[in-house]
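# Architecture and fold: a report
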Protein chains: 4
Amino acid sequence: MLIVLKPDATHAQVEKVCAEVKKQGFQPHPMPGAGRTAIGITGNKGPVNPLPYEALPGVEQCIPVTKAYKLVLREMKPEGTRFKIKGTEVGGGKNFTIIAGPCSVESAKQMTAVAKFLKDQGVHILRGGAFKPRTSPYSFQGLEDEGLAILKEVGEKEKIATITEVMDTAAVEAVEASADVLQIGARNMQNFSLLKRVGKAKAPVFLKRGMSATLEEFLLAAEYVLHGGNHGVILCERGVRTFADHTRNTLDLSVVPSVQKLSHLPIFVDPSHAIGKREFVEPMAKAALACGADGLMVEVSDDPDHALSDGAQTLSFKGFERLLQELKPLATALGRKIN
Amino acid sequence: MLIVLKPDATHAQVEKVCAEVKKQGFQPHPMPGAGRTAIGITGNKGPVNPLPYEALPGVEQCIPVTKAYKLVLREMKPEGTRFKIKGTEVGGGKNFTIIAGPCSVESAKQMTAVAKFLKDQGVHILRGGAFKPRTSPYSFQGLEDEGLAILKEVGEKEKIATITEVMDTAAVEAVEASADVLQIGARNMQNFSLLKRVGKAKAPVFLKRGMSATLEEFLLAAEYVLHGGNHGVILCERGVRTFADHTRNTLDLSVVPSVQKLSHLPIFVDPSHAIGKREFVEPMAKAALACGADGLMVEVSDDPDHALSDGAQTLSFKGFERLLQELKPLATALGRKIN
Amino acid sequence: MLIVLKPDATHAQVEKVCAEVKKQGFQPHPMPGAGRTAIGITGNKGPVNPLPYEALPGVEQCIPVTKAYKLVLREMKPEGTRFKIKGTEVGGGKNFTIIAGPCSVESAKQMTAVAKFLKDQGVHILRGGAFKPRTSPYSFQGLEDEGLAILKEVGEKEKIATITEVMDTAAVEAVEASADVLQIGARNMQNFSLLKRVGKAKAPVFLKRGMSATLEEFLLAAEYVLHGGNHGVILCERGVRTFADHTRNTLDLSVVPSVQKLSHLPIFVDPSHAIGKREFVEPMAKAALACGADGLMVEVSDDPDHALSDGAQTLSFKGFERLLQELKPLATALGRKIN
Amino acid sequence: MLIVLKPDATHAQVEKVCAEVKKQGFQPHPMPGAGRTAIGITGNKGPVNPLPYEALPGVEQCIPVTKAYKLVLREMKPEGTRFKIKGTEVGGGKNFTIIAGPCSVESAKQMTAVAKFLKDQGVHILRGGAFKPRTSPYSFQGLEDEGLAILKEVGEKEKIATITEVMDTAAVEAVEASADVLQIGARNMQNFSLLKRVGKAKAPVFLKRGMSATLEEFLLAAEYVLHGGNHGVILCERGVRTFADHTRNTLDLSVVPSVQKLSHLPIFVDPSHAIGKREFVEPMAKAALACGADGLMVEVSDDPDHALSDGAQTLSFKGFERLLQELKPLATALGRKIN
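Worth saying up front: this structure is predicted, and the values here are computed from it rather than measured.

Each value, and the rule that gives it
Residues numbered from 1 in each chain as written. Chains lettered and ligands numbered in written order. Predicted model: local features only at pLDDT ≥ 70, side-chain atom pairs only at ≥ 80, totals over all residues. Pairing = 2+ DSSP bridges. Helix = DSSP H or I, 4+ residues; strand = E, 2+ residues; numbered from the N terminus. Contact = placed C-beta atoms within 7 Å. Least-squares fit on C-alpha atoms with pLDDT ≥ 70 in both. Domains from an automatic or database assignment. Buried ≥ 20, exposed ≤ 12 C-beta atoms within 10 Å, placed from the backbone. Expected span 1.5 Å × (residues − 1). Arc of directions from axis to C-beta. Axes fitted to C-alpha atoms, helices over the stretch in contact; angles between N-to-C directions.

All names here are of chain A. Inspection of the sheet shows strand β5 (residues 82-85) paired to strand β6 (residues 88-91) by four bridges, in the antiparallel sense. Paired with F83 across the two strands is V90, which belongs to β6. Remark: two residues form the turn of the hairpin made by β5 and β6, two consecutive strands paired antiparallel; K86 in that turn has positive phi of roughly 45°.

Structure representation (structure tokens):
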């Protein structure tokens, strides 16, 4: 059940409602929105009796919730989740936020070059993998701790926000100390131990859709993180696995409006991993913007042809500049702001 | 193999090359393009010897072709296929052509109302099914011959081009006499008897991708039609079948740039059938335009809530007007012309 | 709705119930079973009122049916459909019927050799394609009419039943004149014109599951045939299209018990087309028998390595002998009879 | 590359070859088989020069390996991996090993009842989840440490081997102390941190195929475990995600002979999770045996209708007895031994 408070409800009133929820044996999850606060109730089996709450001061409405997920529901925050990553605002409908960088952190020199280039281009969040989930144990597994150190150093020196993947509960602390956003990869979307752990982290979580995840499973994975207390979640579509073989995965853009209807969480699109071919990144990035995505994650590098991983899908600096030039008039026409 | 002629090659030279191809036991398929003519060779098993052709006057180059399809290849017509449907130009990169109308032809009154509305909106091709492929034998199967008669009458009276589905070789003649474009539905994409038959028709063919067709199978289905002699083919992505259940099918927009890279045929997108939900037609139509599709097929009706088929995905007049208002600034920003 | 008659209901009573159904504006579909007759009602929208029928003499029970399909429902014929093809009984639980032969009819010599071999092995139904649905227009399309003539001649001379694919309504008459069973291929499972046409044929129909057909769509395709009046339908699983690439298609054996629970129609398995690799035909054929399939369709030829189509999945005579030797003890253990 | 030693090669000769491999900068992986030892080489990029090894005493042959996986390859152990779990032999072709038990450990009483029942039935490995991967954070997550304690106690008291899922690197030690086999669930098949960690464990690993894993990805996941030094791996097919909706997942039995051709690892089948419906567990279990699987994992419980998870697919004691009665004659006919 969802308890929606009045716009002028006081902090004390919110506290009182939470106390009543606990008294009934459930957990309250207050979520302050722009206009008002809503309180989600979890821990119940079956329907919750609204009577104890409806009469409390400051309560406007009790909404029964039948979906398997609760905290991620659009009704919890009708205006949408919006937060800042090192000064760059994500979500909220107007922002179209670009996250870019190489697949793997390969050296301080490489990361510095990319960071400088991106800042020049007006991009404020740098990606780069230190721990790489690789299908084969014989493939390059990332620079690991050294990669984290490079990311931290470049992020601080170049004043750019950073995001990197975390693959293991044991590594969450170290990753959180080195990067601004914790990425959960597609293969770990249902690594529930990891979801619970990053639910306790302070840094926002960038959660990629699993390769065969339904929308409900995707939202429930996010629900794990919110349920742990971390409300800074960004979802990301990165292609699903189908019979189609003309792209590496099948980019399911229809998930963008579908997520936005059901949930208040921002939804990004990663065309690089979905398509796996550099030349199609641009048209699919434009499509992502046009259908309303909140942002992009794109692979770009100073030397994609010699990348240690995923070079075939990585844009060169020139390619990235052209992508931005294509996106800008589109964003203007759509009333969106690239940041 | 593909024989590319010089820009200034004469008609007589083209004829002579064709005669030589026949002499070697193969079939020539001359395809006049904007700048020059290319001649495809079929009927060969294994590589074709270029020697007999290279020395002929007017021949510029012989290109070996290893793909399973030949006539649909981009190399056959690098500038892209472009043709007119009752005065409306389709293909060619700049045009973004909208085909719209109800799922089924239900009455002359309905079709007249929709035709008038569309013409007011600047849309020049009217869809409407007379023969409906329905999963259940107990569902409405279309008005059949009566539907064809209505379509013909409304098309002539309202001076609007028409397109309708043909499901059977025996019906091709009647459908061609009543409509301007022959639609092959997704379930018949590999009905090879039908493909061969419409390859002999004069009217253009609108070929929908099968629900589990790979790109190669899709292009080979078109190859059947071109091989029959009918070069007026439009491809259409309408969603593929995957595990995902948040939309009726999964709209695979990445097929748009993939087709355009490999083939000279125009590629449209049908968001209505792919998504199955009215509210998501608009964002996906915008994405189709943004990723470079040559046009849209959209379901619209005067009374979608009482449609005999597929009402849930059909736009109202108001919904269609809003869609156009959203598409127009986007088209402008992209240098495209809605027609 | 389904009207179940008493075991001792007379023919006149059945007629009277049918007359009453027509009087109410619906179509009756009497289906005589081993023990009793059931009458399906179609043509209704929404629930049918049972009152006019319940009081009629000979009526035992009126069962409301909510599924989209009716005539194929298990309740229509609880003991299962069973019929003979040139003396060989198909269906009924105990029979495990093998249909075998080459992918394509290539010559009278080839078909005679295969027919003689199969009869020696105790196999009574010979397959062979005269019209071949080929993905590419440049692949061998079958001997067509000549192939039909060969099939007819060999069938009569060698006294073996024959089955061949029909791809077009216009060809149904000719195919029915030449073969004992009409095969509808996977690509035509939703060619509704063809389904309606074979519903009017006298010969049994062997209906292959479409490559991305759900169980409901599969059963509704069969419903089209039964609705046309042809109750001799055999279903066949031949692999579905998924992301998995270790076999040509993914053989979905779980459809066997699923069909048998919902429908009275026999369900066969075609491991050759599903797997696409000769070496795995045997284990999957054994699995098909073990999970309860009513029969197999297997490709076998005198010279598979030089077949004009699908040689890679076709067993040699030796391979087929070994398959039978493997199946026999299994059939005995399961209380089944290979025929 | 794979170095195959002579049948009579001495331990010292094996050591010497390994030393040479290290000297060249690679890692040797000796795998003693029944007849002879093979040594896999990893750590190379590109082809390995066989010259330094071919001349060494005891070396019979150097086989270049081009597949992405090496240690799991059939060539490494042509006779197949075979090992004992608390006295019960798994693998080797003749054994058909049944692992059974409830989805979740719910109480010592329940687990004791199931253990006693299974031992009576001749089943020697008991499953039961202490940590449950649940799609929703609000579903029962397992008894966790208490569940482990129950499993350990019941395993020791009832002298039955135990298997339970481990979801997190941090829990591997505790799980290994409580159970005989470590299960990796489908959602964690590409949790590479976890694969690396269990590669260092002593207990065998039961690795379930991911819901959209290709055969290559499945084998490479196992390669991670073998690469870590743990050669006791059992693979398990448990259904893949497709469009088909008549079962929970689509059981891909063709992976059984496909794995057995490529790899020496035993391959089990879990029909309960694949199908999700109790009534179809029996036919699919029979199919698994018939196509050559090395064993089954089946859910059975004393009270499936009140299970805290997955009750719908869990057999009752009676249902399990019937399953065994069906499997036994089949096993006899196939020359297999149920253990």
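The next point concerns the interface of chain B and chain A. Facing the 34 residues of chain B at the interface are 34 residues of chain A. Only α8 (255-262), α10 (281-290) and α11 (317-334) of chain B provide two or more residues apiece to the side of chain B that touches chain A. The element that contributes the greatest number of residues to the side of chain B that touches chain A is α10 of chain B, accounting for six residues.

Moving on to the relation of the copies chain B and chain A. Overlaying chain B on chain A yields an RMSD of 0.1 Å, the required transformation being a rotation through 180° with an accompanying axial translation of 0.0 Å. Such a turn and shift between the copies fits a two-fold axis. Residue A287 of chain B of chain B places its C-alpha closer to the rotation axis than any other residue of that unit, at 2.0 Å. A high fraction, 100%, of the interface residues of chain B reappear at the interface in chain A, so the copies pair face to face through one surface.

You can read the domains of chain A as domain 1 (2-66) and domain 2 (82-338). Look at where the C-alpha atoms of domain 1 of chain A and domain 2 of chain A centre, and you get two points 34 Å apart.

So, on to the pairing of strand β3 (residues 37-42) of chain C. Residue and element names in this part refer to chain C. Of all six residues in β3, five are buried, a share of seventy percent or more. Note: strand β1 (residues 2-5) against β3, three bridges, orientation antiparallel. Pairing of V4 across the sheet is with A38, part of β3.

Here the focus is helix α4 (residues 145-158) of chain A. Residues lying three or four places apart along an α-helix face the same way, a consequence of the helix completing one turn every 3.6 residues. Residue and element names in this part refer to chain A. For α4, which comprises 14 residues, the first-to-last C-alpha distance of 20 Å matches the rise-based estimate of 20 Å (1.5 Å per residue) to within 8%. Within α4 the residues assigned to the buried category are G147, L148, I150, L151, V154 and G155. Angularly, the buried residues of α4 cover 160° about the axis, an arc narrow enough to put them on a single face. Looking at the buried residues of α4, the elements they touch are α3 (108-121), β8 (125-127), β9 (161-165) and α5 (172-178).

Moving on: the sheet that holds strand β2 (residues 27-32) of chain B. All names here are of chain B. Read across the open sheet, the four strands follow the order β2-β3-β1-β4; overall the sheet is antiparallel. Edge strands, defined here as strands with exactly one partner in the open sheet, are β2 and β4 (59-63). The mean inter-strand angle of the sheet, taken between neighbouring strand axes irrespective of direction, is 20°. Across four bridges, strand β1 (residues 2-5) lies against β4 in antiparallel orientation. For I3, the partnering residue across the bridge sits in β4 and is C62.

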